[in-house]
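Here's the letter readout for the chains.
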Amino acid sequence: MSVEIKIQWLDGADPEIKLPSYETAHAAGGDVRANFPPEMRAEGVTLEPGARALIPTGFAMEIPAGYEVQVRPRSGLALKHGISLANTPGTIDADYRGPVGIILINHGQEPFHVTHGERIGQMVVAPVVQGAFSVVEDLTDTARGAGGFGSTGRK
Ligand SMILES: O=c1ccn([C@H]2C[C@H](O)[C@@H](COP(=O)(O)OP(=O)(O)OP(=O)(O)O)O2)c(=O)[nH]1
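Residues numbered from 1 in each chain as written. Predicted model: local features only at pLDDT ≥ 70, side-chain atom pairs only at ≥ 80, totals over all residues. Heavy atoms only, no water.

Overview of the overall build of the protein chain
Each helix and strand in the protein chain was counted, giving two helices and eleven strands. Listing the helices and strands of the protein chain from first to last along the sequence gives β-β-α-β-β-β-β-α-β-β-β-β-β. A globule of 155 residues ought to have a C-alpha radius of gyration of about 15 Å, yet the protein chain, at 19 Å, is considerably larger. Taking the principal axes of its C-alpha atoms as reference, the protein chain extends roughly 60 × 40 × 30 Å. Every one of the 155 residues in the protein chain was classed for burial, and the buried ones make up 32%. Taking all contacts inside the protein chain whose residues are at least 6 apart in sequence as the whole, residues at least 24 apart take part in 69%. Summed over its atoms, the accessible surface of the protein chain is roughly 10,400 Å², and 53% of this surface lies on carbon and sulfur atoms. When the 13 basic and 18 acidic side-chain charges of the protein chain are each reduced to a single mean position, those positions are 9 Å apart. (Helix = DSSP H or I, 4+ residues; strand = E, 2+ residues; numbered from the N terminus. Rg over C-alpha atoms; globule rule 2.2 N^0.38 Å. Buried < 20%, exposed > 50% of the residue type's maximum accessible area, 1.4 Å probe, protein only. Contact = heavy atoms within 4.5 Å. Areas by Shrake-Rupley, 256 points an atom, 1.4 Å probe, with all protein chains shown as cover. Lys, Arg positive; Asp, Glu negative; His and termini not counted. Charge placed at Lys NZ, Arg CZ, Asp CG, Glu CD.)

Focus on the confidence of the model for the protein chain
In low-pLDDT regions, the fine details of the predicted coordinates are not to be read closely. Per-chain confidence: the protein chain averages 98 in pLDDT, with 100% of residues scoring 70 or above. For this predicted complex, the interface confidence reaches an ipTM of 0.98, while the overall pTM sits at 0.95. (pLDDT = per-residue confidence, 0-100.)

Points about the nonpolar core
In terms of nonpolar packing, the biggest core is built from 24 residues, with Ile 55, Met 61, Leu 104, Val 114 and Met 123 touching the most fellow members. Where this core is concerned, the elements lending two or more residues are strand S3 (45–47), strand S4 (52–56), strand S5 (59–62), strand S6 (67–72), strand S7 (83–85), strand S9 (101–106), strand S10 (112–114) and strand S11 (119–127). Among residues more than four places away in sequence, those in contact with Val 114 are Ala 34, Phe 36, Gly 44, Val 45, Leu 47, Ile 55, Leu 104 and Ile 120. (Core = buried A, V, L, I, M, F, W, Y, C linked by side-chain atoms within 4.5 Å.)

Some remarks on the UniProt feature "domain: dUTPase-like" (unreviewed entry) in the protein chain
The feature "domain: dUTPase-like" (unreviewed entry), as annotated in UniProt, sits at residues 17–153 in this numbering. Helix makes up 8% of residues 17–153 and strand 34%, and the two end C-alpha atoms of the span are 48 Å apart. (UniProt positions renumbered as here; feature names shortened; annotations may be inferred.)

Structural notes on the sheet that holds strand S2 (residues 30–33)
With antiparallel pairing, four strands are arranged side by side in an open sheet as S2-S11-S6-S8. Whereas interior strands pair on both sides, the edge strands pair on one side only; in this sheet they are S2 and strand S8 (90–92). With direction set aside, neighbouring strand axes in the sheet form an average angle of 35 degrees. Where S2 lies against S11, four bridges are found, and the strand directions are antiparallel. Each bridged residue has a counterpart across the sheet, and for Gly 30 the counterpart in S11 is Met 123. (Pairing = 2+ DSSP bridges. Axes fitted to C-alpha atoms, helices over the stretch in contact; angles between N-to-C directions.)

Some points on the layout of surface pockets
Taken as a whole, the largest pocket spans an internal volume of roughly 440 Å³. Lining the largest pocket are 18 residues, and of these Ser 2, Val 3, Ile 5, Tyr 22 and Val 125 sit closest to its centre. Counting only elements with at least two residues in the lining of the largest pocket, the list comes to S6 and S11. (1 Å grid on protein atoms, 1.4 Å probe; cavity = no way out; pocket = protein on both sides within 12 Å on 5 of 7 lines; lining within 4 Å. Points joined across faces, edges and corners; volume = space filled by probe spheres on them.)

Things to note about the site of the ligand
Near the ligand, the surroundings consist of Asn 87, Gly 90, Thr 91, Ile 92, Asp 93, Tyr 96, Pro 99, Val 100 and Gly 101. Here Asp 93 contributes a side-chain N or O atom positioned 2.5 Å from an oxygen atom of the ligand. Within the contact set of the ligand, a nitrogen atom lies 2.8 Å away from a backbone nitrogen or oxygen of Gly 101. A per-element tally of the shell around the ligand places S8 first, with three residues. (Near = heavy atom within 4 Å. Polar contact = N/O pair within 3.5 Å; in protein donor to acceptor, adjacent residues only side chain to side chain.)

Structure below.
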């Protein structure tokens, strides 16, 4: 299934850069690209080891109510270069209309150069269920009870 996600290019964005794109027929995530303003296009951004940076996508978006967009790392960049997102998965709310940015972090040992148009993350559209949080005196008993944080061991 698909839902319409409206994209608006922001001032200074390069409209030649592709919109988030599904690279295979059943890809869950659409790859999203760095879209730098004109003054940054030539040099891009270099992330030193341990550094993080907000990388612009160049667009704002309108997600239908009842959905979110999750921004996730790309496994190839993670494996080869240690590049992830500092807040993975990033959450784009349906009522957000500001610039969408990708918070890259370099967990690798080498500087990583982000070029204009490079695919830096992937966007997964997901349904949202809001919780109706309420205070109660007692919670129902379960076999697990308070066991957690490794209580069942490692094997
Ligand atoms: O990787 C991200 C994460 C968030 N956002 C935008 C969309 C999202 O709807 C908004 C707020 O994100 P979030 O709720 O994660 O941030 P917050 O730190 O709780 O800020 P706020 O108080 O504005 O909600 O920022 C991005 O562009 N990229």
